[in-house]
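Inside the fold
Residues per chain, in single letters:
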Amino acid sequence: MDKKILFVVYQSPVGSVWINEAFRTAFGMYGEDIEPSVLLIEEASVGLSPDTKPETLGLLPISMVHRFVKRYETSVYGVKEHCEKYGVKNIDENFSAKILNESELNGFFHSFDNVIFM
Amino acid sequence: MALFLIKYGTDNSAEKIKLKNTNDDDVLIFIQNGVYWTINSEINNIKGKKFTLKSDFISRGYQESSSLTDLIDYSQFIDIIEENEKIIG
């Protein structure tokens, strides 16, 4: 049975590369009997918005992960309260993200074999 | 049941989220700057069996007697990690 691993990104997508790194690490796990998922919380929540464009500052675009998210059908999650807190009005449909309530996080974290905050 | 590794201080948003989502049967180990969570009584409100890495605690100027959790050494730290399959770190 595949091992379930969750990458939790909590740092801003502009000024840190962690969102791209989380997806890159997740994509690298396919074929290893590992089922990776990615959760964006706190400041990283703005990475879910189609309006977030680090490339305008010469940084890595988040959109570069979209085609791989589709190809591998990587599960992407956000947290409703954090999206509201950081003014994320709409979610980029390329992620097909599922939005959790903060109250669901306890059960959600415990449903994975490993959870890695990055 | 899971093992939570807390390594950042009290202003870190990730550690706040982790510590809000522990259960009574979880194990928490505070290492590095995570020891700062263990120096005030609010630590008692956090669910789970709590341990602090002694060397990280003492190196930050605290007395063993002032610890609010069990202090463990490195070999005990490794034993606890090996005992737990699920790790949230």
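Before any of the text, the structure's been laid out above.
Quantities reported herein were computed from a predicted structural model and do not represent experimental measurements.

In terms of regular secondary structure, chain A is built from four helices and five strands. Shown N-terminal to C-terminal, the secondary structure of chain A runs as helices and strands in the order β-α-β-α-β-α-β-α-β. With the C-alpha coordinates of chain A rotated into their principal frame, the extents come out at 40 × 30 × 20 Å. Considering chain A as a whole, with its 118 residues, one finds that 47% of them fall into the buried category. Considering only contacts within chain A whose residues lie at least 6 apart along the sequence, 74% involve residues at least 24 apart. Total accessible area computed for chain A in this model is approximately 5,900 Å², and 51% of it derives from carbon and sulfur atoms.

In this section: the nonpolar core. Counting 26 residues, the largest nonpolar core has Leu39, Phe108, Phe109 and Phe117 of chain A as its most contacted members. At the level of elements, β1 (3–9), β3 (75–79), α4 (105–110) and β5 (114–117) of chain A together with β1 (3–6), α1 (13–20) and β2 (27–30) of chain B are the ones that each hand at least two residues to this core. Setting aside residues up to four positions removed in sequence, phenylalanine 117 of chain A forms contacts with Val8, Tyr10, Ile41 and Phe109 of chain A together with Ala14, Lys18, Ile88 and Gly89 of chain B. Phe7, Phe23, Ala26 and Met118 of chain A belong to the second largest nonpolar core, which has 21 residues in total.

A word on the pairing of β1 of chain B. Residue and element names in this part refer to chain B. Side chains of β1 alternate between two faces, with Leu3 and Leu5 and Phe4 and Ile6 buried alike. As paired elements, β1 and β2 share four bridges and run parallel to each other. By the bridge assignment, phenylalanine 4 is partnered in β2 with leucine 28. Considered for its hand, the β-α-β crossover made up of β1, α1 and β2 is right-handed. Pairing of β1 with strand β5 (residues 87–88), which is carried by two bridges, proceeds in the parallel orientation. Across the sheet, the residue bridging to phenylalanine 4 is isoleucine 88, located in β5.

So, on to the sheet that holds strand β2 (residues 34–40) of chain A. Here we have ten strands laid out as an open sheet, ordered β4(A)-β3(A)-β2(A)-β1(A)-β5(A)-β5(B)-β1(B)-β2(B)-β3(B)-β4(B), and parallel in their pairing. The strands lining the two open edges of the sheet, one partner per strand, are β4 (98–100) of chain A together with β4 (70–72) of chain B. With respect to the sheet, α1 of chain B is in contact with β5 of chain A together with β1, β2 and β5 of chain B, its orientation differing from that of β1 of chain B by roughly 150°.

Cut-off values and rules
- Residues numbered from 1 in each chain as written.
- Chains lettered and ligands numbered in written order.
- Predicted model: local features only at pLDDT ≥ 70, side-chain atom pairs only at ≥ 80, totals over all residues.
- Heavy atoms only, no water.
- Helix = DSSP H or I, 4+ residues; strand = E, 2+ residues; numbered from the N terminus.
- Buried < 20%, exposed > 50% of the residue type's maximum accessible area, 1.4 Å probe, protein only.
- Contact = heavy atoms within 4.5 Å.
- Areas by Shrake-Rupley, 256 points an atom, 1.4 Å probe, with all protein chains shown as cover.
- Core = buried A, V, L, I, M, F, W, Y, C linked by side-chain atoms within 4.5 Å.
- Pairing = 2+ DSSP bridges.
- Right-handed = clockwise from strand over helix to strand, strands pointing away.
- Axes fitted to C-alpha atoms, helices over the stretch in contact; angles between N-to-C directions.

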